[in-house]
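# Examination of the molecular architecture
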Amino acid sequence: MDRVKGKIALVTGAAKGLGEATARLLAREGARVVLTDVDVENGVRVAQEIGAAARFVRHDVSDEAAWRAVMMSVEEAEGGLDVLVNNAGVVEIGSIETTKTEDWRRVLAVSADGCFFGCKSAMALLKKSRAASIVNLASVTSLRGYGDFLAYSSAKGAVEALTRSVAVYCSQRQLPIRCNSVHPGSMDTPMVAAMAPKLIAAGVLPPSDTPQMPPTLLGEPDDIANTILFLASDESKFISGQRIVVDYTCTMIPSMLPAPRARG
């Protein structure tokens, strides 16, 4: 217990899924947590359930001005910031031929721009911390090509590269800030649960082939939350610029993907 006692943490996309699990765990381990999300109803509920150690702020991470407002709120209410978890993200199904420009821009705006705005906006407060940590949520999709997850894979690839650049910047200037990325595999979250219908709607899978992930191969939100807790704590004080893959299956299970079309 108390692995992040006394730290101030901000978690984006905290109304459900991985963000919710992370916010709850950080609070249980002694942190004061600011939860942000565009989902006000669930965000408020989660913060109220956590109790006095948490508060919720409505926040669109793709809006740079909103980031500045959130940082001002954190400085005024909490007095500083020690941990930033850039978790918010969205996914759209589409290949290089089928991805709509508006979907591409939306996915990049939330996942990539949101992460950039978060790191940039938080630097002034994090520099005042004794030992600060940025944790950016990437994905296993950034580690190899996924033909029908073009925008999502590209956005998470940008997050991974951004993470390394931020880590090097802070190290070169001897700033008290570490920056790492976490790459989840398939997790038991609302976003993953909604994936099969999207794949069917996009024509990637026929209705009769709705994929069912074996329970033993589907990670739990706490698998990610525990990894983030470690990176947020001083236990990982000499780890920066690293990608941490949390994926028991090692990759998306081939049998759950449509068979490649024959050539010719």
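Up top is the structure.
Let me begin by describing the structure that accompanies this report. (Residues numbered from 1 in each chain as written. Predicted model: local features only at pLDDT ≥ 70, side-chain atom pairs only at ≥ 80, totals over all residues. Heavy atoms only, no water.)

Pairing in this open sheet of seven strands is parallel, and the strands run S3-S2-S1-S4-S5-S6-S7 from one edge to the other. The open sheet has two free edges, formed respectively by strand S3 (54-58) and strand S7 (243-246), since each of these has just one partner strand. Neighbour-to-neighbour, the strand axes of this sheet turn through a mean angle of 20 degrees, independent of strand direction. Contacting strand S1 (8-12), strand S2 (32-37), strand S4 (83-86), strand S5 (132-137) and strand S6 (177-184), helix H1 (residues 17-28) crosses the sheet at an angle of about 170 degrees to S1. (Pairing = 2+ DSSP bridges. Helix = DSSP H or I, 4+ residues; strand = E, 2+ residues; numbered from the N terminus. Axes fitted to C-alpha atoms, helices over the stretch in contact; angles between N-to-C directions. Contact = heavy atoms within 4.5 Å.)

Inspection of every chain in the model, using the stated rule, returns 15 salt bridges. Here Glu 20 ties to Arg 24 by a salt bridge, and the two come within 3.0 Å at their closest N and O atoms. A residue pair is termed a helical-turn pair when its members lie 3 or 4 positions apart in one helix, as Glu 20 and Arg 24 do in helix H1 at four residues. The exposure class of Glu 20 is buried, given its relative accessible area of 16%. Salt-bridge contacts for Glu 78 lead to Arg 32; the nearest nitrogen and oxygen are separated by 3.3 Å. Separated by 46 residues along the polypeptide, Glu 78 in helix H3 (residues 64-78) and Arg 32 in strand S2 bring together distant segments of the chain. A residue is classified by how much of its surface remains accessible, and Glu 78, at 15% relative accessible area, is buried. One connected set of salt bridges, linked through shared partners, spans Glu 20, Arg 24, Arg 45 and Glu 49. (Salt bridge = Lys/Arg side-chain N within 4 Å of Asp/Glu carboxyl O. Buried < 20%, exposed > 50% of the residue type's maximum accessible area, 1.4 Å probe, protein only.)

Glancing now at the packing of aromatic side chains. What the rule picks out here adds up to two aromatic pairs. Relative to Phe 117, the ring of Phe 116 lies with its centre 5.4 Å away and its plane at 45 degrees, an arrangement referred to as tilted. Overall, the relative accessible area of 39% leaves Phe 116 in the partly exposed class. On the basis of relative accessibility, which here comes to 11%, the residue Phe 117 falls in the buried class. With a centroid separation of 6.4 Å and an interplanar angle of 85 degrees, the aromatic rings of Tyr 146 and Phe 149 are classed as edge-to-face. Here Tyr 146 and Phe 149 have matching classes, each one buried. The cationic tip of Arg 144 hangs over the ring face of Tyr 146; the distance from NZ or CZ to the ring centre is 4.9 Å. (Phe/Tyr/Trp six-rings, centres within 6.5 Å; stacked < 30°, edge-to-face > 60°. Lys NZ or Arg CZ within 6 Å of the ring centre and 35° of its normal.)

For the rest of this paragraph, the subject is the environment of Ser 171. Along the chain, the position of Ser 171 falls in helix H5 (residues 150-172). Remark: the alpha-carbon pair of Ser 171 and Ser 240, spanning 69 residues in sequence, is separated by 8.5 Å.

Let us now look at the side chain of His 183. Positionally, His 183 belongs in strand S6. Of the residues examined, His 183 reaches a relative accessible area of 0% and is grouped as buried. Among the polar contacts made by the side chain of His 183, one reaches the main-chain carbonyl oxygen of Ser 139 at a distance of 3.0 Å. Discounting chain neighbours no more than four positions away, the residues touching His 183 are Ala 138, Ser 139, Val 140, Ser 142, Leu 143, Glu 160, Arg 243, Ile 244, Val 245 and Val 246. (Polar contact = N/O pair within 3.5 Å; in protein donor to acceptor, adjacent residues only side chain to side chain.)

With that settled, the discussion passes to H3. For H3, which comprises 15 residues, the first-to-last C-alpha distance of 21 Å matches the rise-based estimate of 21 Å (1.5 Å per residue) to within 8%. Listing the buried residues of H3 in full gives Ala 66, Trp 67, Val 70, Met 71, Val 74 and Glu 78. Looking down the long axis of H3, one finds its buried residues gathered within 140 degrees of arc, a one-sided arrangement. Seen from the open side of H3, the exposed residues pointing more than 90 degrees away from its buried face are Met 72 and Glu 76. Residues of H3 that are buried in the fold lie against S1, S2, S3, S4 and helix H4 (101-126). For H3, the N-terminal cap is Asp 63; the gap from its side-chain oxygen to the backbone nitrogen of Ala 65 is 3.0 Å. (Expected span 1.5 Å × (residues − 1). Arc of directions from axis to C-beta.)

Another point: unusual backbone geometry. Where the residue is not glycine, phi is negative for most of them; where a peptide bond is considered, it is trans in most cases. Unusually for a residue other than glycine, Gln 174 sits at a positive phi of about 55 degrees. By the secondary structure assignment, Gln 174 is in the loop between H5 and S6. Using a relative accessible area of 74% as the deciding quantity, one classes Gln 174 as exposed.

Within the element layout of this structure, Asp 223 appears in helix H8 (residues 221-232). Note on Asp 223: relative accessible area 36%, which makes it partly exposed. C-alpha of Asp 223 to C-alpha of Met 187: the two residues are 36 residues apart in sequence and 8.7 Å apart in space.

Among the structural elements, Leu 10 can be located in strand S1. Those residues in contact with Leu 10 that lie beyond four places of it in its chain are Val 34, Thr 36, Trp 67, Val 70, Met 71, Val 74, Leu 81, Val 83, Leu 84 and Val 85.

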